[in-house]
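Chain by chain, the residues:
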Amino acid sequence: MRVDASGLWIAGDETATIERLTWTGERYDHERTFHLADYVDLPAGRDEEADIEGIARADGWLWAVGSHSLKRRKVKSADPAKAAKRLATIIREPNRFIVVRLPLEGPDTVGKGAILTGLADLLADDPHLAPFTAIPGKDNGLDVEGIAVLGERVFLGLRGPVLRGWAIVLEIDVREDGPDRLRLRGYRKHFLDLDGLGVRDLCPYGDELLLLTGPTMNLDGPVRIMRWSGEGQAKLVKDLPHGVGRDHPEGLAVLGDGRLMVVYDSPAPERLTPEGGVLADIITI
């Protein structure tokens, strides 16, 4: 997610959309939905989910990135045979394998943009990542969560894989390839010792990046905020609380006054408001 003076951009991870919320002075409200298919040519069309896991805003552009992950079906039955059958099914949804860049035409308006596909295909030949491109994201397979732009540098945080405790941030070199396509000229891998955690989100903080880190698998905590210059190793900023089976920190944004807003997946009941909203945490570092 990304915050600006008038509102908040967030990702739709179970749709092929991005959402815009306007700041009312008390809360972010008045949701507007932007279907990516209205602005770029999605590989699988309008209705298949894109699992958008990161939003970036920089230099008049709004970026969105899909998870680039395979999906294993969830278990919905206590019957061992039915559970085993579902766990054996792996699904590839093409809309997940995208990076999108849209021009910001106003504080809450975007225009026709450009799309990048093929990143996962390129990584299928990578000496570190190739084995994980065939593994579902929540099984420590390839799983992009978070995008940030610093000048000409575009960073993608990987929730997985984590290799012997080392997380990976990809820095991709993206160029225009016509009016509606982006071309990947190359990439660079940054290996970060995050004590076995993966990257759950990342966002600019001055000329550095803040990384929200947590388990790569479907586990509870620990969750930390780390600070990283774009080179070398990251430094601990703050440990975050987390729930058991709920309240998993999922998104990070810097507010105008320098404080951070953290939003949660599987929010606890006490975070849900009578008006249908969800409470986030505001922290100072």
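Each remark here, short or long, concerns the structure printed above.
Now for a description of the structure that goes with this document. Everything numeric here is computed off the predicted structure, so don't read it as measured data. (Residues numbered from 1 in each chain as written. Predicted model: local features only at pLDDT ≥ 70, side-chain atom pairs only at ≥ 80, totals over all residues. Heavy atoms only, no water.)

## A short note on the packing of aromatic side chains
The tally for this structure, following the rule as stated, stands at four aromatic pairs. The interplanar angle of 45 degrees and the centroid separation of 6.3 Å between the aromatic rings of F34 and Y39 together place this pair among those described as tilted. Residues F34 and Y39 agree in their burial class; the two are buried. Ring centres 5.7 Å apart and planes at 75 degrees place the aromatic pair F155 and W228 in the edge-to-face group. Of this pair, F155 sits in strand β13 (residues 153-160) while W228 sits in strand β18 (residues 223-228); the two residues are 73 residues apart in sequence, bridging distant segments of the chain. Since its relative accessible area comes to 0%, F155 is described here as buried. Here a set of aromatic residues connected by ring pairs shows up, and it is made of W9, F34 and Y39. Between the NZ or CZ atom of R271 and the centre of the ring of Y264, over which it lies, the distance is 3.9 Å. (Phe/Tyr/Trp six-rings, centres within 6.5 Å; stacked < 30°, edge-to-face > 60°. Buried < 20%, exposed > 50% of the residue type's maximum accessible area, 1.4 Å probe, protein only. Helix = DSSP H or I, 4+ residues; strand = E, 2+ residues; numbered from the N terminus. Lys NZ or Arg CZ within 6 Å of the ring centre and 35° of its normal.)

## Overview of the pairing of β13
For β13, a buried count of seven out of eight residues is recorded, marking the element as mostly surrounded by other parts of the structure. Direction of pairing for strand β12 (residues 143-150) relative to β13: antiparallel, over a ladder of six bridges. Looking at β13, one finds that V144 is bridged to L158. Between β12 and β13, which pair antiparallel and follow one another directly, the connecting turn spans two residues, one of which, G151, has a positive phi of 65 degrees. Relative to strand β14 (residues 166-176), β13 runs antiparallel, the two sharing four bridges. Bridge pairing links L156 to L170 in β14. (Pairing = 2+ DSSP bridges.)

## Observations concerning the side chain of E145
Here E145 lies in strand β12. For E145, a relative accessible area of 0% corresponds to the buried category. Reaching out from E145, the side chain makes a polar contact with the side chain of R159 at a distance of 3.0 Å. Within the structure, the side chain of E145 is placed 3.4 Å from the side chain of R200, a separation counted as a polar contact. (Polar contact = N/O pair within 3.5 Å; in protein donor to acceptor, adjacent residues only side chain to side chain.)

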